[in-house]
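# Notes for the structure review
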Amino acid sequence: MAETMGSVITIDNFSAKMSAFDPNHPENHLYGLVDMGSNGIRFSISDLSPPRSRLLHCVYRERAGISLYDALHESTPDSLPFHFSKHTITQVADTLGRFKGICDSYGVYKDHISVFATEAMRTANNRDEMLRAIKTSSGLTVDILSPGMESLFGAMGARSGFTQVNGLFMDLGGGSVQMTYVDSTAGAGYDVLAADAARSMPFGAAKLTAALSTQDTAQAAKTDLRSSMKDTFEGLKDKFTRLKEQENDDGVTIYFCGGGFRGYGSMLMHTDPIQPYPIPSIGGYNVPGHRFIKWREMLHVNNYEDGKIYGMSKRRREQFPAIVTVVQSLVEAIPRIKEVVFCSGGNREGVLFMKLPPEIRESSPIPLLPAGSANQKEVVDSIATCITSALPKDYPAIFSAELLNYVAKNIWQNMGDPDDANSAKALHNPISGQLAGLPGATHQIRGILALTMCARWGTVPSPADKKLYENLQALIGPEMCWWCDYIGTVAGLLATLTPASPSSEDALGKIVKFETWTGHGLGKKGHKVGIRLKIVLSEYARLGIRAGDVEGIFGRVGKGLPLGWRVEAEVEN
């Protein structure tokens, strides 16, 4: 980034100031980032190596619990307002020196290390003293993000976790709260439009906590916050007609990032009707508006529940009344909230995301997710096409071509391991395994991937996994569960018919063909609805395969679900 200490990064100069990403660099695609936020300092090292640059894969992360906001407002006898103490300066400088050493041990080039600071550093009267100490201890310079850039990086970091987005983006840090509107379908330059429209309000969780602590400032802070929140939202509606249309239709979708909002998401997850909630990561957690607005219930839990709440530190619990005050003001400003989505990405991911060329940024991350098959794309596409041919025309759109391609890549993975072990691995992989920290999937999609690949192995979950399995079913609902079971069963049949992964794009079509349609009058009594599936096998595929066994595996689809749907499969003679 900038060569001079304390350079301010703005929307006009960030492209020139940021270290560039070169996808053709022959050696090193590791990037180190330091986000000096008001509530803590976060470090990470990420690997942007092609072709998976879009995944922003993090190989190391660490957080130092140093609150720069608190450091500016110490009440010790020798403290000065809006000044960092000698102790804080030394502590931060040593911490940055440690991280520079970690970057060196990973082989991160110095010009690939970016250090940026936000609200607390912007307002510090002796920030130059801090910046000099950091330069001396680590050799690194610190760039100060303008409010617009903080909004841009926060919004793009949150946006990086999804294929497409359309809604409000909000970031609640320690010193400020940002709001803007992002529509990734709006074409080139949508990111700069979002940054230009962004507004930063001085009501971060730490700052608002201090304001609410005394009667003299509490009411004025609440009044100013309500007014700012309403004015900001109304201003965004004036600039973006699609936001106004969204509000008038089903309501506004809001994407949240920042520690403050993630704390509120952790409380919603703690009180979710599905318990224990099956997915630990807050990224991709979706909550309907009617639950989000119940801030009084969330505050009550925080005030009266003594035990540990997952995702909530002691400091976050202390700041929770201020977080709720922000949510309350938001609910008053936006009466019609359709849903909210909590994001794991933030400023660091936003910096990485904005380094990438637009064609990589706007691509879907799902095809890049790690998978078992090394087959060429044409072969994988042919497998997914075969699966699709077993589906009726009106199957759920969430089973996209990209998602079915992921299934296709993983059908023949670990064929030498026991089915029950593979089933357990498939169940955990999107939740706490290799896919857990990667972008591209809401909790619903993670649940669908887990249950579909679990069904591919045709086993019931072990007692240890039974509750996880049931709660994932509750998360996606019985209809999606039925489709996961059916598609997983089709995938399992393909592995039975051809135990080795197809080596060419026409190989699978020579072994099996499907014809399918929805039907009524199914079942022994003719009272069921569902799918009629005709399976046409080649002579080679019939060797050692009994038609009744093939037909029988589909009889288990949807077992235990309260739908009454079934599959009648017939192997054509």
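Each remark here, short or long, concerns the structure printed above.
Residues numbered from 1 in each chain as written. Predicted model: local features only at pLDDT ≥ 70, side-chain atom pairs only at ≥ 80, totals over all residues. Heavy atoms only, no water.

### Structural notes on the overall build of the protein chain
We apply this condition: Helix and strand assignments come from DSSP, with helices taken as H or I runs of at least 4 residues and strands as E runs of at least 2, each series counted from the N terminus. The quantity called the radius of gyration is restricted to C-alpha atoms. Its globule counterpart is 2.2 Å times the number of residues to the power 0.38. The contact rule is simple, with two residues in contact once any of their heavy atoms fall within 4.5 Å. For the area figures, the Shrake-Rupley method with a 1.4 Å probe applies, and any residue is considered shielded solely by the protein chains shown.
Tallying secondary structure elements over the protein chain gives 23 helices and 15 strands in all. Against the globule reference of 25 Å for 573 residues, the protein chain gives a C-alpha radius of gyration of 26 Å, in line with a compact fold. Taken along its principal axes, the extent of the C-alpha atoms in the protein chain is 90 × 55 × 45 Å. Within the protein chain, residue pairs in contact and separated by at least 24 positions form 73% of the contacts whose partners lie at least 6 positions apart. Here the protein chain has roughly 24,700 Å² of accessible surface; of this, 51% comes from carbon and sulfur atoms.

### Some thoughts on helix α11 (residues 259–270)
Every α-helical turn comprises 3.6 residues, leaving residues that sit three or four positions apart pointing alike. Spelled out, the test is: Residue count minus one, scaled by 1.5 Å, sets the expected span of a helix. Exposure categories follow from relative accessible area, calculated using a 1.4 Å probe and restricted to protein chains: below 20% of the type maximum is buried, above 50% is exposed, and the middle band is partly exposed.
When the terminal C-alpha atoms of α11 are compared, their 16 Å separation across 12 residues agrees well with the 16 Å that a helix rising 1.5 Å per residue should span. Across the 12 residues that make up α11, a large majority, 11, are buried. Buried residues of α11: Gly259, Gly260, Phe261, Arg262, Gly263, Tyr264, Gly265, Ser266, Met267, Leu268 and Met269, and no others.

### As for the sheet that holds strand β4 (residues 57–64)
Keep this limit in mind: At least two DSSP bridges between two strands are required for those strands to pair. Fitted lines through C-alpha atoms serve as axes, helices being fitted only where they are in contact, and the angles separating the N-to-C directions of these axes extend from 0 to 180 degrees.
The sheet built from 6 strands is open, its strands ordered β1-β6-β5-β2-β3-β4 with mixed pairing. Every other strand in the sheet has two partners, leaving β1 (8–9) and β4 as the edge strands with one partner each. When β1 meets strand β6 (residues 143–145), the two strands line up parallel, connected through 2 bridges. When the bridges of β6 are listed, Ile9 appears paired with Leu145. Packing against the sheet, helix α3 (residues 86–106) makes contact with β2 (30–36), β3 (41–47), β4 and β5 (113–117), and its axis sits at approximately 10 degrees to β3.

### Thoughts on the sheet that holds strand β10 (residues 252–257)
Spatial strand order, β9-β8-β7-β10-β12-β11: 6 strands in an open sheet with mixed pairing. Sheet topology places β9 (199–201) and β11 (285–288) at the edges, where each strand pairs with a single neighbour. Each adjacent strand pair in this sheet contributes to an overall mean axis angle of 25 degrees, direction not counted. By the bridge criterion, 3 bridges tie strand β8 (residues 177–183) to β9 in an arrangement that is antiparallel.

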